[in-house]
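Spelled out, the chains give:
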Amino acid sequence: MKNLDKIIDGKYYADKLLKKVHPLCENFFLKFNRKICLAVILVGEDPASRVYVKNKLLTAEKNNIKSIEIILPTETSEDELHKEIVSLNEDMTVDGILVQLPLPKHISEKNVINSIDPNKDVDGFHPINFGKLYMGNPNFIPCTPLGCLYVIKNELKQITGKHAVIIGRSNIVGKPMASLLLSSNCTVTIAHSKTKNLKEHCIRADILIAAVGCPEMIDDTYVKKDAIVVDVGINRLEPSEENKKSKLVGDVNFTKVINKVKKITPVPGGVGPMTIACLMHNTVKAAYKNEGQNFIDILEGYL
Ligand code: NAD
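Residues numbered from 1 in each chain as written. Predicted model: local features only at pLDDT ≥ 70, side-chain atom pairs only at ≥ 80, totals over all residues. Heavy atoms only, no water.

Draft legend 1. The site of the ligand, seen in detail. Within the structure, the ligand sits among 20 residues, and R169, S170, S193, I234 and T275 are positioned closest to it. The contact in question runs from an oxygen atom of the ligand to an N or O atom on the backbone of S193, over 3.0 Å. In the environment of the ligand, a nitrogen atom lies 3.5 Å from a nitrogen or oxygen atom belonging to the backbone of V232. Protein coverage of the free-state accessible area of the ligand, which is 850 Å², stands at 69%. With three residues, the top contributor of residues to the shell around the ligand is helix α10 (residues 271-290). Residues of the shell around the ligand, tallied by class, amount to nine nonpolar, 10 polar and one charged. (Near = heavy atom within 4 Å. Polar contact = N/O pair within 3.5 Å; in protein donor to acceptor, adjacent residues only side chain to side chain. Areas by Shrake-Rupley, 256 points an atom, 1.4 Å probe, with all protein chains shown as cover. Helix = DSSP H or I, 4+ residues; strand = E, 2+ residues; numbered from the N terminus. Nonpolar A, V, L, I, M, F, W, Y, C, P; charged D, E, K, R; others polar.)

Draft legend 2. Looking closely at the environment of K175. With respect to the secondary-structure elements, K175 resides in helix α7 (residues 174-183). Put simply, K175 and Y134 are 41 residues apart on the chain and 9.3 Å apart in space, counted from C-alpha to C-alpha. Beyond its immediate sequence surroundings of up to four residues, K175 is in contact with F130, Y134, R169 and S170. (Contact = heavy atoms within 4.5 Å.)

Draft legend 3. Looking closely at α7. Where burial is concerned, most of α7 is hidden: seven out of the 10 residues are buried. Taken together, the buried positions of α7 are occupied by G174, P176, M177, A178, S179, L180 and L181. The elements touched by buried residues of α7 are α5 (127-134), α6 (143-155), β4 (163-167), β5 (187-191) and β6 (207-210). N185, located one to two residues past α7, shows a positive phi value of around 70 degrees. (Buried < 20%, exposed > 50% of the residue type's maximum accessible area, 1.4 Å probe, protein only.)

Draft legend 4. Molecular detail of the packing of aromatic side chains. The full count for this structure, using the stated rule, is seven aromatic pairs. When the centroid spacing of 5.0 Å and the interplanar angle of 70 degrees are considered together, the rings of Y12 and Y13 count as edge-to-face. Accessibility expressed as a relative area gives 47% for Y12, which makes it partly exposed. Exposure remark for Y13: the relative accessible area of 8% places this residue in the buried category. Site record: aromatic cluster; members linked through ring pairs are Y12, Y13, Y150 and Y302. (Phe/Tyr/Trp six-rings, centres within 6.5 Å; stacked < 30°, edge-to-face > 60°.)

Draft legend 5. Spotlight on α5. What α5 keeps buried is the set N129, F130 and L133. The arc that holds the buried residues of α5, viewed along the axis, is 100 degrees, so those residues lie on one side. Residues of α5 that are buried sit in contact with α7. Phi turns positive one or two residues past the end of α5, at G136, with a value near 80 degrees. (Arc of directions from axis to C-beta.)

Draft legend 6. Quick look at the domain arrangement of the protein chain. Once the domains are mapped, the protein chain shows domain 1 (31-119) and domain 2 (143-272). Summarising the inter-unit geometry, the C-alpha centres of domain 1 and domain 2 are found 28 Å apart. (Domains from an automatic or database assignment.)

Draft legend 7. Main features of the nonpolar core. By size, the foremost hydrophobic cluster in this structure holds 58 residues, and its most contacted members are I152, L181 and I209. Mapping this core onto the domain boundaries places at least three of its residues in each of domain 1 (31-119) and domain 2 (143-272). Dropping the residues within four chain positions of it, I152 is found in contact with I159, M177, L181, I207, I209 and V230. By size, the runner-up hydrophobic cluster in this structure holds 19 residues, among which are A39, V94, L103 and F125. (Core = buried A, V, L, I, M, F, W, Y, C linked by side-chain atoms within 4.5 Å.)

See below:
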């Protein structure tokens, strides 16, 4: 196989999913005489967060989803943020609520997530949604792991019995990813910053998922031949003598592993677009449920 054929095109898969999401948005408008509505709250000036929010809102607009963007200054108190969320919870015309993370240090992310109505929690971070996922009865599933699962299941028609190793144990990526793969009958290993002999675990993975936030730390010595590698990491490398411009890289050293893998997601253009497509999916699901409709989940077959 040529190396080019090994690259998993996240944009292709995102478009494939959005093609199914789009008509649901159109039908919703015809049926309920209003657009599906996603509210996004951004607190502070983090440049990466601004880019992520902008991309989410652009995709919403393209899919006929109305968005409400609430930008609050860094010094916003937890109480003020809480009030904004309560007001969105109570607004029947708002279907989904997303608070862009990370939040400034003085605000408890846990308290903020807990205050979002679980039925509008399109990020899937609320403890009720998290618990349901772990019980094997998911409602809203965190967008990044959901996107990864969609890609993996499209690439590998049979994943039962595969050994998946996830590097990272965050509530946003690592843990929900583990739960999804476990429900898909994989044997799952979760590695983290305190794992001993990380390489020995990774080298046994049929499916290797890197969600660390450490630029290009995974090279070919961590990867089994013909493994599927999903690189979740997004790291910005500042300009140097070698590279005059700043650039985005993943947690995987793409150049070193490409010869060894069966398939790999690139950064950028891999997991990122799928995360946004899954957010649109979750928002549509929230909207139909908000109107008391029985929503037939278009991702049902992937869970
Ligand atoms: P996090 O900081 O919450 O978690 C990182 C995890 O990596 C931790 O569980 C930690 O134990 C583990 N870790 C750190 N150093 C390690 C080491 N040396 N060896 C093994 N494990 C180690 O980060 P997160 O929110 O889970 O995000 C991880 C990465 O994914 C970041 O780069 C983030 O930007 C990216 N991300 C991308 C998307 C996307 O849409 N593509 C979405 C979410 C996060």
